[in-house]
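# Breakdown of the fold
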Amino acid sequence: MSKDAVESAQATARPPADRTPADAGDAGYSKDLKARHVNMIAIGGAIGTGLFLGAGGRLHTAGPALAVAYLVCGVFAFFVVRALGELVLYRPSSGSFVSYAREFLGEKGAYVAGWMYFLNWSTTGIADITAIALYTHYWSMFTAIPQWVLALIALAVVLAVNLISVKIFGEMEFWFAIIKVATLVSFMFIGIFLLATQHEVGGEKPGLSVITDHGGILPQGMMPVVLVMQGVIFAYAALELVGVAAGETAEPEKVVPRAVNSIMWRVGLFYVGSVVLLALLLPGSVYSADQSPFVTVLSKIGVPAAGDVMNLVVLTAAMSSLNSGLYSTGRILRSMATAGSAPKFTARMNRSQVPYGGILLTCAVCVLGVGLNYLVPSQAFEIVLNVASLGIISTWVIIMICHLVFVRRARAGLVTRPHFQLRFSPVTEIATVVFLLACLGMMWNDAEVGRKTLLLVPVVAVLLVAGWFGVRRRVTRNAERELPAPAK
């Protein structure tokens, strides 16, 4: 065989324990993401519209116990990211969990993982452009502009930026994350100051009395807390971006462990800490789903300009989330396209080494969200949030199953686990999968939106099965083409 044929066979053959397979979809990417980019992408994934916008409606519904919901979901989210981090160190790939699903679960597993992730981010993109439109309507000068028009403008701007280069994406996410973190830290200092000085907020003195005088920790009982769980899971939905971004950094073995390990304290500080402060400053009934809870507080203390500044920041957070969604789905779809399970055009890259085909496909679905904003502007965010939950829960379940198979193979001596590991396998993975499926089942108790969302599960399953029969021949041909040629 020629030297090229030998190298091709080595790249595609089933590896021994000391060598791992390469994903064909990883070819052609630059390695322009630096350590600071990946670290801040991890932070940006942990701080998005789920906190800045979603916490308002959830506080109204569940009350102060929302902080406990964020903590519990945060622990399981950390397990998922820790498992993904171990897989990344085993073999970095821009295809991330889709690439690992292909290796450990086969092409069908990769197909389901990829398209459910696409469902998650395409609907999350709709939630983001809805959030952007809602934030913009906070200012009176924009109230006359229809919500769907603002959503369309936001989508066009983020699309243009995302297509430039991964370095520009990394820089944008770095500064977006800096703004979000600085703002949350500033808010927490303001909240602590208000508590310490007993400064009135909306006519009430902040403190434990705000909770005890308005129904306690569970003002509406336990069921509302249970019902918001799937929405809380959605709040953490971008944490897996660390795995995708690792495929475009030069030193994933150094960057990823640091980024993953810092996620837990960020969850405790930013999510749980912020919600506790919000609950101590104002009763849950004051917050609403159509306004950021941080804007509500700052407006109540009599500094309207502070509310304007905060609204601008949360607008930035939504833009950041939309930007990340286009980035990740572009890479995931390219990995799928090289295997034959996604349309061929989604594998295309531009001169800046950006997979523009997959990004444009995600944008096309987001355009449907613009229509949703036109038809039901008041319900658009909650509708797509629940549909996105189906995608993220299935994605996280697949990540944990991949890790289970990976650990089993490691114990059989077929692969080598890196030093950075998810502990207490298989108990951790099984407990996480059970929790995630329980969150999915809890949606049935929400007759308004959640139950209707669960009724979509059979529809999604039928579409996946039909889609698989449509692509399986192409997947088989691609797999046969990548098999090493027989030695002469």
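Residues numbered from 1 in each chain as written. Predicted model: local features only at pLDDT ≥ 70, side-chain atom pairs only at ≥ 80, totals over all residues. Heavy atoms only, no water.

## Let's talk about the overall build of the chain
Helices and strands together make up the secondary structure of the chain, namely 22 helices and zero strands. Taken over 488 residues, the chain has a buried fraction of 58%. Taking contacts inside the chain between residues at least 6 apart in sequence as the whole, the part at least 24 apart equals 80%. (Helix = DSSP H or I, 4+ residues; strand = E, 2+ residues; numbered from the N terminus. Buried < 20%, exposed > 50% of the residue type's maximum accessible area, 1.4 Å probe, protein only. Contact = heavy atoms within 4.5 Å.)

## Here's the deal with the nonpolar core
Among the nonpolar cores identified, the biggest contains 150 residues, and Phe52, Tyr70, Trp115, Ile233, Tyr236 and Trp396 are the most heavily contacted of them. Residues within four places of tryptophan 115 in sequence aside, it is in contact with Leu333, Met336, Ser341, Ala342, Pro343, Leu361 and Leu464. (Core = buried A, V, L, I, M, F, W, Y, C linked by side-chain atoms within 4.5 Å.)

## As for the confidence of the model for the chain
Averaged over every residue, the pLDDT of the chain is 82; residues scoring 70 or more account for 89%. When mean pLDDT is compared element by element in the chain, helix 20 (residues 427-442) scores highest at 92, while helix 1 (residues 3-12) scores lowest at 38. Taken as a whole, residues 1-21 scores under 50 in pLDDT and shows 27 contacts with residues more than four places along the chain or in a different chain. (pLDDT = per-residue confidence, 0-100.)

## Observations concerning unusual backbone geometry
The peptide bond linking serine 425 to proline 426 adopts the cis configuration, its omega dihedral lying at 5°. Here proline 426 lies in the loop between helix 19 (380-411) and helix 20. At glutamine 198, a position not held by glycine, the phi torsion is positive, near 55°. With respect to the secondary-structure elements, glutamine 198 resides in the loop between helix 9 (166-197) and helix 10 (208-212).

## As for the pattern of salt bridges
This structure, assessed with the given rule, holds three salt bridges. Across the pair glutamate 103 and arginine 91 runs a salt bridge whose closest N-O atoms are separated by 2.9 Å. A residue pair is termed long-range when its members are at least 10 positions apart, and glutamate 103 in helix 6 (residues 96-105) and arginine 91 in the loop between helix 5 (66-90) and helix 6 qualify at 12 residues. (Salt bridge = Lys/Arg side-chain N within 4 Å of Asp/Glu carboxyl O.)

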